[in-house]
Amino acid sequence: MLYIGANLTKALNSTKEGFFSCTINRNNRYREPLRVLAEEIKSWAKQKTGQGILTPQLLHSDSSSFNMSFKSYPPSILHEITTGDGFGITCKQWIPEGEKKPYPAFLINGYVHDVYCLPTEPRDMVRTLLDEGYETWLLQPRLHPTNPSNDFTMDDIGKYDIPSAIAKVCELHGPSVKIHVIAHCSGGLSIHMALMGGHISPVNIASLSCTNSSMYFKLTKLNLVKLTLPLIHISMAILGKDTILPLIETSKESYRQWILKYISRLMPRYERCTYDECTVVSGVFGNPYWHENITPTLHHWLNRQAQLTLPMSGLRQIAKIGSTGHIVNATGEDVYLTHPERIPLPTLYLSGGRSIVVTPETSLLAHQYMKLHQPGFKHKRVVVDGFGHSDVLFGEESYKKVFPHIISHMKAVEQGLVADSNAKN
Ligand SMILES: [Zn+2]
């Protein structure tokens, strides 16, 4: 441990010296310290996990000549919203054709990648919900590439972004509107912060469905090992004041950003990929999906069209949450799980059975928590075999193996709400 720490420090000091005195020929200057850093991390991860995870595996040949034919997408309304702390976010709204269900669906993405609105896929979540008659809202908070913040916490999303967006839904549908919330990864953490932090009223939530997230966040062994290294702190120190990382290969980048991307490419992971954007993202988060579960067109779109930037500052809190195993505030205080009374809702927690990023314990613990503290509501847990993390939502077969669980949960809740309403009348 000390040996690793000493060499890491040495490597980073060399990198720092090279960085601050750099003039020309940056590749040669950084190569040796970064190589040392990579070897240290690789050997440590191998020792800790005991898994053969470090063998490069090339997937999807570079498809620069790929024939991308974007499928037409239903028209949407873009709402520009100023949050309670004065930040500008956006929310997309789609209105279904034909008969409309009584409660809108409200979608919250994970930290990276849009998982619900996928122009290349004919059966994404947004199209599925519209086909089912749900008015559909998609939150684009301050970590979304269209509204990237240079300095934010996950608390900010729970305290400001989600309440402001729900207020917009209430403005259009009335204060007693109920919405079905569907949230993924960090979006699931944020909606629990919004509810358990007392920032939104559960009265406006008809049901909650979370994929690979909950008030718990149980990381895989590899991601836990990475967290024991102070990589996030090192990354933020390297980035300095500009914490928004450009991802597209052709983007302009500073030396600081170049160094961080270089380091992220060296990180151990389950699968390696020929797309540099994919390599950088999986270096930061671990592989966010199993490649074999998604279509080549989606993979290309995700890497070359969808994710232009990665706002990094929220990762400080994500690291704290990952280390703790459940949601804590930005300073690491346990302010959320102490309020189970603030989440009186029917819930569905869904995990991919082939763990990547987080384990199914994430949904197991949440399900137990809700059954213990809110026994008067329906709570369901599903583990879907063969899926990993984000591929539960944008996998080629998600529409037939994952979405039905979420839709049936929403419909079951609606039937109960209608029955309750009839009983009161
Ligand atoms: Zn890839």
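Along each chain, numbering runs from 1 in the same order as the chain's sequence is written. With the structure being a predicted model, the display of local features is reserved for residues of pLDDT at least 70 and the display and counting of side-chain atom pairs for 80 or more, all residues being used for whole-chain, interface and lining totals.

S.K.: What am I meant to see in the overall build of the protein here?
M.R.: Only runs of H or I of at least four residues qualify as helices and only runs of E of at least two qualify as strands under DSSP, and these elements are numbered from the N terminus. Across its full length, the protein carries 15 helices and 10 strands. Exposed residues have 12 or fewer other C-beta atoms within 10 Å of their own C-beta, buried residues have 20 or more, and residues in between are partly exposed; the C-beta atoms are placed from the backbone. Each of the 425 residues in the protein was classed as buried or not, and the buried ones make up 48%. Across the protein, contacts joining residues at least 24 apart in sequence account for 77% of those joining residues at least 6 apart. C-beta atoms are placed from the backbone for every residue, and two residues are taken to be in contact when these atoms lie within 7 Å.

S.K.: What am I meant to see in the confidence of the model for the protein here?
M.R.: Any region with low pLDDT has predicted coordinates that should not be read closely. For every residue, the predictor states its confidence as a pLDDT score lying anywhere from 0 to 100. For the protein, per-residue confidence averages 83 on the pLDDT scale, and residues scoring 70 or more make up 80% of the total. Counted against residues more than four places away or in other chains, residues 1-28, with its pLDDT under 50, gives 25 contacts. Confidence drops under pLDDT 50 across residues 60-65; counting only partners more than four residues distant or on other chains, this segment forms 9 contacts.

S.K.: How do you make sense of the packing of helix α8 (residues 255-266) against helix α9 (residues 276-285) when you look at a structure like this?
M.R.: Each pair of packed helices gets described by two things: the angle between the helix axes and the distance between those axes. Relative to each other, α8 and α9 sit at 75°, their axes nearing to 7 Å. It follows that α8 is roughly perpendicular to α9 by the angle criterion. Counted together, Lys261, Ser264 and Arg265 of α8 and Thr279, Val280, Gly283 and Val284 of α9 form the full contact between these two elements. Class assignment of the residues belonging to the contact of α8 with α9 gives a composition of 2 nonpolar, 3 polar and 2 charged. Here an axis means a line fitted to C-alpha atoms, over the contact stretch when the element is a helix, while the angle between two N-to-C directions is reported on a 0 to 180 degree scale. Working rule for angles: under 35 degrees goes down as roughly parallel, over 145 as roughly antiparallel, 65 to 115 as roughly perpendicular, anything else as oblique. Polar here means any residue other than Ala, Val, Leu, Ile, Met, Phe, Trp, Tyr, Cys and Pro, which are nonpolar, and Asp, Glu, Lys and Arg, which are charged; Gly is therefore polar.

S.K.: Even after reading the chapter, I still don't get the sheet that holds strand β6 (residues 205-211), so can you show me in this structure?
M.R.: Sheet strands pair by backbone hydrogen bonding; their relative direction is either parallel or antiparallel. In this scheme, strands are said to pair when DSSP sees at least two bridges between them. Sheet architecture is open: 8 strands sit in the order β1-β2-β4-β3-β5-β6-β9-β10, paired in mixed fashion. At either margin of the open sheet sits one strand with a lone partner, and together these are β1 (77-82) and β10 (379-384). In this sheet, adjacent strand axes meet at a mean angle of 20° when their direction is disregarded. Note: strand β3 (residues 105-108) against strand β5 (residues 179-184), 4 bridges, orientation parallel. Each bridged residue has a counterpart across the sheet, and for alanine 105 the counterpart in β5 is histidine 180. Sitting on the sheet, helix α12 (residues 361-373) touches β9 (347-352) and β10, and the angle it makes with β9 is about 165°.

S.K.: Mind showing me how you'd approach the packing of helix α4 (residues 154-173) against helix α5 (residues 186-196) here?
M.R.: It is the contact of α4 with α5, at a shortest axis distance of 8 Å, that shows an interaxial angle of 70°. One element, α4, and the other, α5, form an angle in the roughly perpendicular class. Every residue of α5 that contacts α4 at Met154, Asp155, Ile157, Gly158, Ile162 and Pro163 is listed here: Ser186, Leu189, Ser190, Ile191, Met193 and Ala194.

S.K.: Mind showing me how you'd approach the environment of proline 75 here?
M.R.: Within the secondary structure, proline 75 sits in the loop between α2 (26-49) and β1. By C-beta crowding, proline 75 is classed as exposed, having 7 other C-beta atoms within 10 Å. Between the C-alpha atom of proline 75 and that of proline 96, which follows or precedes it by 21 residues, the distance is 10.0 Å.

S.K.: Mind showing me how you'd approach the pairing of β10 here?
M.R.: Every other side chain in a regular strand lies on the same face of the sheet, so the side chains alternate between the two faces. Relative to β10, β9 runs parallel, the two sharing 6 bridges. The residue bridging glycine 352 from the neighbouring strand is valine 384, located in β10. Traced from β9 through α12 to β10, the parallel crossover comes out right-handed. We call a crossover right-handed when, viewed with both strands directed away from the observer, the connection leading from the first strand over the helix to the second proceeds clockwise.

S.K.: Can you walk me through the nonpolar core in this structure?
M.R.: Leu107 and Val181 are the most contacted members of the largest nonpolar core, which totals 101 residues. In this structure valine 181 touches Phe106, Ile108, Ile191, Ile205 and Leu208, once residues within four positions along its chain are discounted. Linking buried Ala, Val, Leu, Ile, Met, Phe, Trp, Tyr and Cys residues through C-beta atoms within 7 Å yields a set, and such a set is a nonpolar core.

S.K.: Help me understand the environment of serine 398 in this model?
M.R.: Structurally, the position occupied by serine 398 is in helix α14 (residues 398-401). Those residues in contact with serine 398, other than ones at most four positions away along the chain, are Val392, Leu393 and Phe403.

S.K.: Hey, could you run me through helix α10 (residues 296-306) in this one?
M.R.: Think of an α-helix as turning once every 3.6 residues; residues three or four places apart then point the same way. Within α10, 8 of the 11 residues are buried, which leaves it mostly tucked inside the rest of the structure. Looking at the buried positions of α10, the neighbouring elements they touch are α9 and α13 (391-394).

S.K.: Sorry if this is basic, but what is going on with the pairing of strand β2 (residues 88-94) here?
M.R.: In this sheet, β2 lies alongside β1 in antiparallel orientation, the contact comprising 6 bridges. When the bridges of β2 are listed, isoleucine 77 appears paired with glutamine 93. The hairpin formed by β1 and β2 contains 5 residues between the paired strands, and glycine 86 there has a positive phi angle of roughly 85°. Of the pairings in the sheet, the one linking β2 to strand β4 (residues 136-140) comprises 5 bridges and is antiparallel in character. Bridge pairing in β4 places tryptophan 94 opposite threonine 136.

S.K.: Explain the environment of glutamine 257 here, please?
M.R.: Take glutamine 257: it is sitting in helix α8. Between the alpha carbons of glutamine 257 and serine 235 there is a distance of 9.2 Å; along the sequence they are 22 residues apart. Those residues in contact with glutamine 257 that lie beyond four places of it in its chain are Leu239, Leu245 and Pro246.

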